[in-house]
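One letter stands for each residue in the lines below.
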Amino acid sequence: MPMSDPMLPQVVRVLRRRRELPEVWTLEIEPASDAAADAPNFEPGQFNMLTAFGVGEVPISYSGDPQRSQRWVHTIRAVGAVSTALTRLRAGDVLGVRGPFGSAWPLAAAEGRDVLVVAGGLGLAPLRPAIYRLLAQRRRYGRVTLLYGTRSPDDILFRRELERWRRRLDVDVQVTVDHAVGDWHGHVGVVPALIARADFDPARTSALVCGPEVMMRFTLAALRTAGVAETAIHLSMERNMKCAVGLCGHCQFGPTLVCRDGAVYRSDLLAPYLPIREL
Amino acid sequence: MNPPADADVSPAVLTVDGFQCLIDELQRRGYRVIGPTVADGAIVYDDLASVDALPRGVGDAQDAGRYRLTRRDDEALFGYAVGPHSWKRFLNPPRLKLWSSRREGDGVRVEPAPEPRQPLAFIGVRGCELRAIAIQDRVFLGGRYVDRPYDVRRRGAFIVAVSCGTAGGTCFCTSMGSGPRAQGDFDLALTEIVDAGEHHFVVEVGSDAGREIMAQLPSRDATSADCRQAERIVAATAASMGRSLPAEGVRELLLDNLDHPRWDQVAERCLSCANCTMVCPTCFCSSVEDSSDLASEETARERRWDSCFTTDFAYLHGGSVRATTRARYRQWMTHKLATWIDQFGSSGCVGCGRCITWCPVGIDITEEVRAIAAAPARTGGSDHADGHAQD
Ligand SMILES: Cc1cc2nc3c(=O)[nH]c(=O)nc-3n(C[C@H](O)[C@H](O)[C@H](O)COP(=O)(O)OP(=O)(O)OC[C@H]3O[C@@H](n4cnc5c(N)ncnc54)[C@H](O)[C@@H]3O)c2cc1C
Ligand code: SF4
Ligand code: SF4
Ligand code: FES
């Protein structure tokens, strides 16, 4: 065979499954058999196409530590047929994987700068590999801030880890919920509102943003108001994907293909198209 | 396809009988020979056993939303314009198994789908279709990832192009620079001459493979008079074309007018039927579907043509990103004429007119561009030259 077929999944095993939230599970899987053995064998911000055999294939971001090359970690919300089938896999079961695909969070370019990580809902999962790297290489960055918003206190993803990071003196972690219930004493409101209160130097800040599209639009507006340069803001976009290799046309967003040019984009490249409805 | 080593292979003249020898020779060499033939009242592409299967003496009448075969007053073999089929159905079949999997013990084995053994030979590829193949080459072969099914089929294909002697009723290839003359990556290119009792083809050789085959056929060298006659035919076709698109500025025009009222007007007519995408020779979008037997012992993934006009196409979070026909038509047309350039370095339109002919309500892409150009309202909010925001 002259060359490999990018549409062929590799068969790997589930090493571990953990429940995060009622509908959200984390799978630790073997890396694809053609992946490099050394760490890192993916970049924070990238994703895989995961196949539940006989059901289908969907894009899922890496949510694990890029320094750990022996297991690939994915955090999946069961929303439909494929994602539900994936979250039902147990340790030892097989699934198909193609990847890694897509662009990465610009962590090297952010060295020496303040870093503002803004996550909404499950958007925290694709940002977690970036957070691991920021913390592992903490001395290379200025102030590091994580702003995380979710619907209710019961929907807080990676809660124990957030609490652990919050105890560190070199990271500012702020969590807000749309609706407070029970004994919640933290912030209430949407995550863009936290930006005005966060401590960073806008002139030398890199912002990494992932969440629902409306949340990202408001976050973008708040970051602009705060004075962060458009070219220093990065967003992760989501579109329907069937191939992840630029061949199926499904993931178009304006002049770009999300699987090829994203999913992580510098925001000035998207700014003309984000306000246009149904693009 | 490599250009012939000997750069000046002079044109030859092939008779209609010689044309049968061409088909025979291709079959002898193991090619699956495909070309135009009549089925269900249209010119379609199918396996050709002999020259008799070609639509001899058949012409067509095409206009927006209209297609009808006609009887010519000569015996031309290629006296019609393109029909609803294009070569993409052979290079990228409408349904295609990608792989299957089988449970083995507590594991699963993935088997790539078998690949076709027989190389393809296309007879009667028009200039616009050569361009369409070149455009799909960029999509499927020109990026970081190569589409294996397309590559396997495309690599060994032998292309017999034909310059157009008659413009179709909806063609605008002249303005797109893709026709009516067959130019580009072909093995042989023919111009059919049917005139005053004469009936033959002036043949241009485009590759070593083409030269090898020509050497096996009964032919004579073309005279300069033959060549001039061929040129005149193509020039007359170009001059008789009724439609056009502006050569420059369409991309900027459309991207600056993403909220133009014309999109609402076209959406009132468009049925979102996806015909235009199915007949378009460059539209390449596909979807995949997995299946399994009841016991889940065996599963398979199949790829099939998809269209940006379906609601599932842009499905995300329980709904379509493009819920309205307005958004879907805008996506189709701006992709063809504008964002294709960003994505793949060329326009996605070759001016073949198929989308105009086969639209049941007769929507005309050239007319839509003209309507926006006539009353542009810079609403897109974009500065495309350098990608910077401009609120
Ligand atoms: C780059 C990228 C990264 C992603 N990362 C994650 C992640 O880390 N965790 C996670 O839980 N989800 C993630 N998603 C979303 C996830 O892919 C969808 O939830 C999933 O495709 C839904 O498929 P389904 O069959 O379970 O649901 P259904 O709703 O039945 O979907 C039907 C079909 O629509 C498509 N589709 C539906 N929703 C989406 C969507 N949101 N994005 C893309 N295609 C969709 C799929 O092709 C699917 O086959 C990501 C999406 C993208 C594009
Ligand atoms: S958009 Fe219409 S005219 Fe252009 S190549 Fe496609 S079918 Fe032909
Ligand atoms: S433009 Fe015409 S052919 Fe295309 S989807 Fe609309 S009605 Fe169908
Ligand atoms: S997912 Fe197929 S082109 Fe991007």
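The rules behind each value
The residue numbers shown here count from 1 along each chain, following its written sequence. Labels follow written order: the first chain is A, the first ligand is 1, and so on. Predicted model: local features are reported for residues with pLDDT of at least 70 only, side-chain atom pairs are reported and counted for 80 or more only, and whole-chain, interface and lining totals are derived from all residues. Side-chain metrics in this entry use all non-hydrogen atoms of the structure; hydrogen atoms and water are not considered. For helices, the axis comes from a line fit to the C-alpha atoms of the stretch in contact; other axes are also lines fit to C-alpha atoms, and the angle between any two N-to-C directions lies between 0 and 180 degrees. Where helices and strands are cited, they refer to DSSP runs of H or I of at least four residues and of E of at least two residues respectively, numbered from the N terminus. Working rule for angles: under 35 degrees goes down as roughly parallel, over 145 as roughly antiparallel, 65 to 115 as roughly perpendicular, anything else as oblique. Two residues form a contact once any of their heavy atoms are found within 4.5 Å. Residue polarity follows a fixed list, in which Ala, Val, Leu, Ile, Met, Phe, Trp, Tyr, Cys and Pro are nonpolar, Asp, Glu, Lys and Arg are charged, and the others, Gly among them, are polar. Think of it in three bands: with a 1.4 Å probe and only protein chains considered, a residue is buried below 20% of the maximum accessible area for its type, exposed above 50%, and partly exposed in between. The arc in question is formed by the directions pointing from the helix axis toward the C-beta atoms. For each domain, the first and last residues come from an automatic or database assignment. We define buried area as the total accessible area lost by two parts upon association, computed with a 1.4 Å probe and summed across both. Salt bridges are defined as contacts in which a side-chain nitrogen from Lys or Arg sits within 4 Å of a carboxyl oxygen from Asp or Glu. In the analysis that follows, any N or O atom pair within 3.5 Å is treated as a polar contact, provided that within protein one partner can donate a hydrogen and the other can accept it, and provided that, for residues neighboring in sequence, both atoms belong to side chains. Put simply, a residue is near a molecule or strand once any heavy atom of it comes within 4 Å of that molecule or strand. The Shrake-Rupley method, run with a 1.4 Å probe, gives the accessible areas here. Residue values count only the displayed protein chains as cover.

## Some thoughts on the packing of helix H9 (residues 262-269) of chain B against helix H11 (residues 325-344) of chain B
The packing of two helices is summarised by the inter-axis angle and the distance between the axes.
Residues and elements named next belong to chain B.
Phase 1: Packing of H9 against H11 leaves a shortest axis separation of 8 Å and a crossing angle of 105°. One element, H9, and the other, H11, form an angle in the roughly perpendicular class. Each of Trp-263, Asp-264, Val-266 and Ala-267 in H9 lies in contact with H11, whose residues at this interface are Thr-325, Arg-326, Tyr-329, Arg-330, Met-333 and Thr-334.
Phase 2: A per-class count over the contact of H9 with H11 returns five nonpolar, two polar and three charged.

## Comments concerning H9(B)
Residue and element names in this part refer to chain B.
Phase 1: Buried within H9 we find Arg-262, Trp-263, Val-266 and Ala-267. Buried residues of H9 fall within an arc of 140° about the axis and therefore sit on the same side.
Phase 2: Its buried side turned inward, H9 meets helix H8 (250-255), H11 and helix H13 (365-374).

## Side note on the domain arrangement of chain B
Residues and elements named next belong to chain B.
Phase 1: The domains assigned to chain B are domain 1 (12-239) and domain 2 (250-374).
Phase 2: With 44 residues of domain 1 in contact, the opposing surface of domain 2 contributes 38 residues.
Phase 3: Interface of domain 1 and domain 2: buried area, both sides summed, is about 3,500 Å²; carbon and sulfur atoms make up 55% of it.
Phase 4: A salt bridge links Glu-129 to Arg-354; the shortest N-O distance between them is 2.5 Å.
Phase 5: The tally of links from domain 1 across to domain 2 stands at 30 residue pairs in polar contact (both at pLDDT 80 or more).
Phase 6: Those elements that place two or more of their residues in the side of domain 1 that touches domain 2 are strand E3 (42-47), strand E4 (58-63), strand E5 (66-71), helix H2 (88-91), strand E6 (95-104), helix H3 (127-141) and helix H5 (173-176).
Phase 7: Looking at the side of domain 1 that touches domain 2, its residues break down into 21 nonpolar, eleven polar and twelve charged.

## With respect to the site of ligand 1
Phase 1: By nearness alone, 23 residues border ligand 1, and A:Pro59, A:Arg77, A:Ser83, A:Glu238 and A:Lys242 come closest of all.
Phase 2: One finds residues of chains A and B in close proximity to ligand 1.
Phase 3: At 2.7 Å from an oxygen atom of ligand 1 is found a main-chain nitrogen or oxygen belonging to A:Arg77.
Phase 4: A distance of 3.3 Å separates an oxygen atom of ligand 1 from a polar atom in the backbone of A:Gly80.
Phase 5: Burial of ligand 1 by the protein chains amounts to 86% of its free accessible area of 830 Å².
Phase 6: Sorting the residues of the shell around ligand 1 by element identifies strand E4 (56-61), strand E5 (72-77) and helix H1 (81-87) of chain A together with strand E15 (315-316) of chain B as the ones contributing at least two each.

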